[in-house]
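Residue-level listing of the chains:
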Amino acid sequence: MAGIVEMQNSPGVDRIPVAVKQACPTIWINPAVADSASVLPDLALGRADVDGAVARWQRFAPLLTRLFPQEVSGRIDSPLIPLAAGLSDTILRGAGGRVLVKADHALPVTGCIKARGGVYEVLAYAEALAAQAGLLAEGRSYAAFADPEFRDLFGRHIIAVGSTGNLGFSVGLMGRALGFAVEVHMSHDAKAWKKERLRELGARVVEHRGDYGAAVAAARNAYSGRGDAHFVDDEDSVELFLGYAAAALDLERQLAAAGIPVGPAHPLFVHLPCGVGGAPGGVAFGLKLLFGDSVHPVFVEPVASPCMLVQLAAGLERPVSVYDVGLDNRTAADGLAVASASMLVARTLEKLVRAVVTVPDDALYRWLKILWTEAGIRLEPSAAAGFAAAGRFAQIIPAETRAAATHVIWTTGGAHLPAEEFEAALARG
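Residues numbered from 1 in each chain as written. Predicted model: local features only at pLDDT ≥ 70, side-chain atom pairs only at ≥ 80, totals over all residues. Heavy atoms only, no water.

**Q** Would you explain helix 13 (residues 278-291) in this entry?
**A** For an α-helix, 3.6 residues make a turn, and residues three or four places apart therefore share a direction. Between its first and last C-alpha, helix 13 extends 20 Å over 14 residues, near the 20 Å set by a 1.5 Å rise per residue. Remark: Gly292 follows helix 13 within two positions and exhibits a positive phi of approximately 60 degrees. (Helix = DSSP H or I, 4+ residues; strand = E, 2+ residues; numbered from the N terminus. Expected span 1.5 Å × (residues − 1).)

Written out as structure tokens, the structure reads:
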């Protein structure tokens, strides 16, 4: 049975709940959560950094439209989809409130949330190289980044990344579109189709015998200190983090357009699938800057790979992995199969994440099928995590605010899932 637990006052790994160590579905309430107004000013990043990321996205809007004219009109963003009352009630188990889907499973260009970070970091690197080469004449449209003189410059540089699949695809797609050489380091058990689509882009795929963390470490070591290369560090990249954080302003705009209030009497719960932590951490940070204590980020992880829960519960004195507590990091949610959380994200979100909910694989498949059959929403298993968690979490919301609550479930991938993979996932549902 699922447990509801809080961190105890014992050191290190001893703080991690037994239910988590036993791979049981768990709701972990973060006891370190503090008032946003007291936490945010002390962080290394702030609103100016997020605004800077938004400005960079705006500068690159003409380029994105030029490169992907069928998919993008300036901005890579996804719709906010309201669900029918009956389905919302099923998801929330009758707790009350509304459910909306932030549909990054259908995000333009990549069909996954990683475009927000991966594409953004490639653009930031390209901008830095172009500035160093003197190619950014005042007033020149960034659509010129696809011109031969820019592509010649980028073609002399390599972008490397460690990935379970979706981040590598986002970096590979944008990098190759600009002419960069791209190298993606992946674990041996990463999905074969995700490796193949990278090769089709012209990226070099390097397979490693170890897990995701080993692939990232190998790529980091291979490219450390090289002047002709840039390593996209999913565990420690501020650019990735800020690319994701900019998405919070998209959600703010969409909620306002839909007339949905957010405030003390109308709490906003945002359910975010979590792997290493960059995407959910960036989004959560951006939302906290905008809505303060009226927004409650809830991270969702597989029972076998709760790396962020383990790290936050154990404390930030040292990195802790799921292997340290006896878990095997084996899950059908390949995008969330991460043993060690980003310490950058853990330190930034330590006092801002409301809770972490862990979910079993069978629940991912079940909700993948429900969302397809009842709402036509096409997800990969990782992207169904929020639906598997929201109903359980909704039961512990104070009764007086349940009916006025808004639950946003962030879906993270699925549009590019091959038909045979999707059919197999449906069958398991």
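**Q** How should the pairing of strand 10 (residues 295-302) be read in this particular structure?
**A** In summary, the side chains of a regular strand alternate between the two faces of the sheet. For strand 10, the buried fraction is high: eight of the eight residues fall into the buried class. In this sheet, strand 10 lies alongside strand 9 (residues 268-273) in parallel orientation, the contact comprising six bridges. In the strand pairing of strand 10, Leu268 is matched with Val295. The handedness of the strand 9 to strand 10 crossover, carried by helix 13, is right-handed. Here strand 10 pairs with strand 11 (residues 355-359) via five bridges, running parallel. (Buried < 20%, exposed > 50% of the residue type's maximum accessible area, 1.4 Å probe, protein only. Pairing = 2+ DSSP bridges. Right-handed = clockwise from strand over helix to strand, strands pointing away.)

**Q** Looking at this structure, I do not really get the UniProt feature "domain: Tryptophan synthase beta chain-like PALP" (unreviewed entry) in the chain. What am I missing?
**A** Feature annotation in UniProt places "domain: Tryptophan synthase beta chain-like PALP" (unreviewed entry) on residues 93-400, given in this structure's numbering. For residues 93-400, helix accounts for 44% and strand for 15%, while the C-alpha atoms at its two ends are 16 Å apart. (UniProt positions renumbered as here; feature names shortened; annotations may be inferred.)

**Q** Would you mind showing me how to read the nonpolar core here?
**A** Nonpolar side chains in soluble globular proteins tend to be buried together. Ranked by size, the top nonpolar core spans 112 residues in total, and within it Phe145, Leu178 and Phe180 carry the most contacts. Counting residues per element, this core draws most heavily on helix 6 (residues 114-132), at nine residues. For Phe180, the residues in contact, after removing those within four places along its chain, are Val122, Tyr125, Ala126, Leu129, Phe154, His157, Ile159 and Gly175. (Core = buried A, V, L, I, M, F, W, Y, C linked by side-chain atoms within 4.5 Å. Contact = heavy atoms within 4.5 Å.)

**Q** Just checking my understanding: could you explain the packing of aromatic side chains for this structure?
**A** For any pair of aromatic rings, the description consists of the separation of the ring centres together with the inter-plane angle of the planes. Applying the stated criterion across every chain yields a total of 13 aromatic pairs. Feature note: the residues Phe60, Tyr125, Tyr142, Phe145, Phe150, Phe154 and Phe180 constitute an aromatic cluster, connected by ring pairs. (Phe/Tyr/Trp six-rings, centres within 6.5 Å; stacked < 30°, edge-to-face > 60°.)

**Q** Quick question: what am I supposed to make of the packing of helix 3 (residues 47-59) against helix 6 here?
**A** How two helices sit against one another is set out by the angle between their axes and by the gap between those axes. The N-to-C vectors of helix 3 and helix 6 enclose an angle of 75 degrees; their axes lie 11 Å apart at closest approach. On the basis of their axis angle, the class for helix 3 and helix 6 is roughly perpendicular. Residue-level inspection shows Gly52, Ala53, Arg56, Trp57 and Arg59 of helix 3 in contact with helix 6, the latter providing Ala115, Arg116, Val119, Tyr120, Leu123, Ala124 and Glu127. When the residues that make up the contact of helix 3 with helix 6 are grouped by side-chain class, the tally is seven nonpolar, one polar and four charged. (Axes fitted to C-alpha atoms, helices over the stretch in contact; angles between N-to-C directions. Parallel < 35°, antiparallel > 145°, perpendicular 65-115°, else oblique. Nonpolar A, V, L, I, M, F, W, Y, C, P; charged D, E, K, R; others polar.)

**Q** Which parts of the structure should I look at to understand the environment of Val298?
**A** Locating Val298 in the fold gives a position in strand 10. With a relative accessible area of 0%, Val298 lands in the buried category. In this structure, the C-alpha to C-alpha distance between Val298 and Pro280, residues 18 residues apart in sequence, is 9.0 Å. Residues contacting Val298, with those up to four places away along its chain left out, are Val270, His271, Leu272, Ala355, Val357 and Phe393.

**Q** What is the right way to look at the pattern of salt bridges in this model?
**A** Pairs may arise between side chains of opposite charge once their charged atoms sit close together. One pass over the structure, following the stated rule, counts 23 salt bridges. Between Arg116 and Asp77 there is a salt bridge whose closest N-O contact spans 2.8 Å. Linking Arg116 in helix 6 with Asp77 in the loop between helix 4 (61-67) and strand 3 (80-82), this pair joins segments that are 39 residues apart in sequence. For the pair Arg116 and Asp77, a shared accessibility class is recorded, and that class is buried. Between Arg204 and Glu183 there is a salt bridge, with its nearest N and O atoms 2.5 Å apart. With Arg204 in strand 7 (residues 204-208) and Glu183 in strand 6 (residues 181-187), this residue pair connects regions lying 21 residues apart in the sequence. On the basis of relative accessibility, which here comes to 10%, the residue Glu183 falls in the buried class. (Salt bridge = Lys/Arg side-chain N within 4 Å of Asp/Glu carboxyl O.)

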